[in-house]
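# What the coordinates show
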Amino acid sequence: MHCIFHTNAQSGFIQNIYARNILNLDGRWHYIIDPFETGFRGFQGAKADDDSKLSGFFENKQQQSKSELIEYNFEKSPTMNVPGDWNSQDKELLYYEGTIWYEHDFNFHPQPNKRYFLRFNAVNYEAYVSLNDKKLGVHAGGFTPFEFEVTNQLNDGNNFIVIKVNNTRKKENVPTDNFDWWNYGGVIRDVLLVEEPQTFIKDYKIQLAKNDLKTITGFVQLDGANLSQQIKINIPEAALQTTVHTDTSGKANFNVPVNTLKYWSLENPKRYHVLITSNTDSVNDDIGFRTIEAKGTDILLNGKSIFLRGICLHDENPFIPGRPRNTGDCKMLLSWAKELNCNFIRLAHYPHNEEESRLADSMGLLLWEEVPVYWTIDWTNDSTLRNAQHQITDLIQRDKNRASVIVWSIGNEAPNIPEREKFMEAMADTAHALDNSRLISAALLTFTKNNTITLDDALGKKLDVVSFNEYYGWYTGGMPWEINKFNFKVDYDKPVIISEMGAGALGDFHADSATRFSEEYQESVYKNQMQLISKVPNLKGITPWILVDFRSPKRMNPDYQNDWNRKGLISETGQKKKAFYVLKDFYDNKEKEYNSNNH
Ligand code: GCB
């Protein structure tokens, strides 16, 4: 058999996928655990180093006669839930890193004159995808969507998908081979079959222009043969209607003046129903309109100064534990942040389930979204940089219409060494070029000398907001009550966010405040940190580490951790620790202070 894998999924993907005509392919999918890559290399062969020679399990073979030898069988193999990481579904897979093959049958009747796309909202990390034994392509990167056009590969009736997923950590990957979270593998988000007309509205952006409350700007992009069309953009509730024409590449840019709009805000997260109609297609969305601006050392939302009462969050439901699988899982996490009186969440350290940005839009929460350029990336490897740029591009592509998203973060705690500077500057340029209406940041590192904590990272010049992580009272700086001796020096006249601080505590373990992993120790770190950070110049927000305990194989202390990073303010059983209330108090007071200053 001869088969060709394209090296990549199609570039770009359909905007606002849940508003399209979709068949959800979630459910129980068969799987085969394949640690030796037998499905790829055959039973004796060497592993193909050339994609064109790959065959193997994609064929989903059935025995034709009783004498035929076939040493795998999807139909008789166990099943697991898609979406869902494999680690949380089969005890044997808790620590598994390697290849798993998935197979799923579905019945479908394609309609004439329609186009079809097979969409994966995220597969961690590398995916080889085939449909009806026709190879579609490969995607690398565990947290962003990808899709393939399958109009010519679909059968009328029975169809089957085979996908090979591999989550082996590698130095050149993004993230690299060392990170402080669980390496959940598999088809972690929805799989959808999307039906579109021959020429359809693939993408659009509809937002307020940069720092301009009176202009809605954006573009519409068609895909198909009939690219020159008239497009209507209609926002009935704002009495706004405009008609634009796409050019020969199917794109139309627009700027529309607006007089009266209710702006999206924390108090009133107003979203407008937006309808986009071409001659051949239509799509609608609920979009909030707001501006976000770093002005001097201030962060302005709709022109008004705000303080970001934030918290960090991993994309993990501690009750599974595993990756969130549905809206309910995501809503639980965001509601906990609301209970803490947050107005801001740092979605660390990789793109989260896209449902979270939609929920944040409706709940009046601001978001920091990030790509997994984390710790020791392979800085001098060009393909690693391209991969990272691809990930920030896809994240911006996915969430560019969400009012809640105000910060694109290009990475976390990258050591301040020369090799990394070029890489990170390229990342900042990519993000700025794709979206000039939001703020670019990164979680930076500081150095300390003579009790002065200094932020002088050269990358700061490329960022709109400078942010840094610090763990005084936990990893460094002495006991919690000793940290007030430190002062800060920030070499940038820009707004500052403390993107991490924190301490570990095992829920319900009580002792004195000098005892590591007690709730009292963590509480003391938070109390003293709230004083310490009041000395940070131009501090415009904090996102302490972290809302909920999360799984990490790097946390091995058997008394307190057992594979859990315990820095959550909420335990893995959903119990609020003492420090939760310290931070909530701080936020209640900050809210009052900002409300009275702004009136
Ligand atoms: C950090 C990292 C975060 C870790 C955290 C910790 O600085 O950014 O991913 O989990 O510290 O708990 O040490």
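Calculation notes
Each chain carries its own residue numbering, running from 1 in the written order of its sequence. A pLDDT threshold of at least 70 governs which residues receive local features in this predicted model, and a stricter bar of 80 or more applies before side-chain atom pairs are shown or counted, although totals over entire chains, interfaces and linings include all residues. Based on all heavy atoms of the structure, the side-chain values leave hydrogens and waters out of the count. Put simply, DSSP marks the helices as runs of H or I at least four residues long and the strands as runs of E at least two long, and each gets a number from the N terminus on. When a residue's accessible area, from a 1.4 Å probe over protein chains only, is under 20% of the maximum for its type it is buried; when over 50% it is exposed; and in between it is partly exposed. In what follows, residue pairs with any heavy atoms lying within 4.5 Å of each other are defined as contacts. Reported accessibility uses the Shrake-Rupley method at a 1.4 Å probe radius. Residues are deemed covered only where the shown protein chains occlude them. Under the counting rule used here, the positive set is Lys and Arg, the negative set is Asp and Glu, and His together with the chain ends is not counted. The atom standing in for a charge is NZ when the residue is Lys, CZ when it is Arg, CG when it is Asp and CD when it is Glu. Strands are treated as partners if at least two bridges between them are detected by DSSP. All axes here are fitted lines through C-alpha atoms, helices being fitted over the stretch that makes contact, and every angle between N-to-C directions spans 0 to 180 degrees. The term salt bridge refers to a side-chain nitrogen of Lys or Arg lying within 4 Å of a carboxyl oxygen of Asp or Glu. Multiply 1.5 Å by the residue count of a helix minus one, and that product is the helix's expected span. Starting at the helix axis, one direction is taken to each C-beta atom, and the arc is that of these directions. Segmentation of the chain into domains, including their bounds, is taken from an automatic or database domain assignment. Computed with a 1.4 Å rolling probe, the buried area is the accessible surface lost when two parts are put together, summed over both parts. Polar contacts, as used here, are pairs of N or O atoms within 3.5 Å; protein pairs need one atom able to donate a hydrogen and one able to accept it. Residues neighboring in sequence count only if both atoms are side-chain atoms. Being near a molecule or strand, for a residue, means having at least one of its heavy atoms within 4 Å of it. Only Asp, Glu, Lys and Arg are considered charged in this grouping, and only Ala, Val, Leu, Ile, Met, Phe, Trp, Tyr, Cys and Pro are considered nonpolar; every other residue, Gly among them, is considered polar.

### Some thoughts on the overall build of the chain
Check the secondary structure of the chain and you find seven helices and 35 strands. Summarising its shape, the C-alpha atoms of the chain cover approximately 80 × 60 × 45 Å along the three principal directions. For the chain, with 599 residues in total, the buried portion stands at 60%. For the chain, long-range pairs separated by at least 24 residues make up 73% of all intrachain contacts whose partners lie at least 6 apart in sequence. Roughly 22,800 Å² of accessible area belongs to the chain as shown, and the carbon and sulfur atoms make up 47% of that amount. Of note, the chain has its 66 positive side-chain charges centred 3 Å away from the centre of its 79 negative side-chain charges.

### Quick look at the sheet that holds strand 16 (residues 240-245)
Paired through backbone hydrogen bonds, the strands of a sheet run either parallel or antiparallel to each other. Taken in spatial order, the four strands line up as 16-15-18-19 in an open sheet, and their pairing is antiparallel. Of all the strands in the sheet, just strand 16 and strand 19 (282-287) have a single pairing partner and so form its edges. When strand polarity is set aside, the average angle formed by the axes of neighbouring strands in this sheet is 15 degrees. With six bridges connecting them, strand 18 (residues 272-277) and strand 19 associate as antiparallel partners. Looking at the pairing, Val 274 lines up with Asp 285 of strand 19.

### A short note on the pattern of salt bridges
On inspection of all chains with the given rule, the structure shows 37 salt bridges. Here Lys 164 makes a salt bridge to Glu 37, at a shortest N to O gap of 3.1 Å. Of this pair, Lys 164 sits in strand 10 (residues 157-166) while Glu 37 sits in the loop between strand 2 (27-33) and helix 1 (38-41), and the two are 127 residues apart along the sequence. For the residue pair Lys 164 and Glu 37, the accessibility class agrees, reading buried in each case. Two residues, Glu 591 and Arg 309, come together in a salt bridge whose shortest N-O distance is 3.8 Å. A residue pair is termed long-range when its members are at least 10 positions apart, and Glu 591 in helix 7 (residues 578-597) and Arg 309 in strand 23 (residues 308-313) qualify at 282 residues. For Arg 309, a relative accessible area of 11% gives the class buried. Sharing partners across several salt bridges, the network here consists of Arg 115, Glu 149, Lys 202 and Asp 223.

### A short note on helix 7
Here helix 7 is 20 residues long and its end C-alpha atoms lie 30 Å apart, about the 28 Å a rise of 1.5 Å per residue gives. Inspection of helix 7 places Ala 579, Phe 580, Val 582, Leu 583, Phe 586, Tyr 587, Lys 590 and Tyr 594 among the buried residues, and these make up the whole buried set. Seen from one end, helix 7 has its buried residues packed into an arc of 160 degrees, which puts them on one side. Among the structural elements, strand 22 (304-305), strand 23, helix 2 (327-339), helix 6 (519-532) and strand 33 (539-542) are those in contact with the buried residues of helix 7.

### With respect to the domain arrangement of the chain
Where interface size is quoted, it is often the accessible area lost as the parts come together. Per the domain assignment, the segments making up the chain are domain 1 (17-197), domain 2 (200-290) and domain 3 (306-597). Distance between the C-alpha centres of domain 1 and domain 2: 35 Å. Every contact between the two is made by seven residues of domain 1 and, on the other side, ten residues of domain 2. Taken together, the two surfaces of domain 1 and domain 2 that pack against each other cover about 610 Å², and 50% of this comes from carbon and sulfur. Interface area lost by domain 1 to domain 2 is led by Arg 20, Arg 115 and Pro 197, which between them contribute 66%. Scanning the region where domain 1 abuts domain 2 turns up one salt bridge. In this structure, Arg 115 engages Asp 223 in a salt bridge whose closest nitrogen and oxygen atoms are separated by 2.8 Å. Linking domain 1 with domain 2 are two residue pairs in polar contact (both at pLDDT 80 or more). Elements that contribute at least two residues to the side of domain 1 that touches domain 2 include exactly strand 5 (114-120) and strand 12 (191-197).

### A closer look at the site of the ligand
The ligand sits among 14 residues. The nearest are Asp 180, Tyr 374, Glu 413, Tyr 475 and Lys 567. In the model, an oxygen atom of the ligand is placed 2.9 Å from a nitrogen or oxygen of the Asn 412 side chain. Residue Arg 555 places a side-chain N or O atom 3.1 Å away from an oxygen atom belonging to the ligand. Relative to its unbound accessible surface of 320 Å², the ligand loses 97% to contact with the protein. Tallied by class, residues from the shell around the ligand come to five nonpolar, four polar and five charged.

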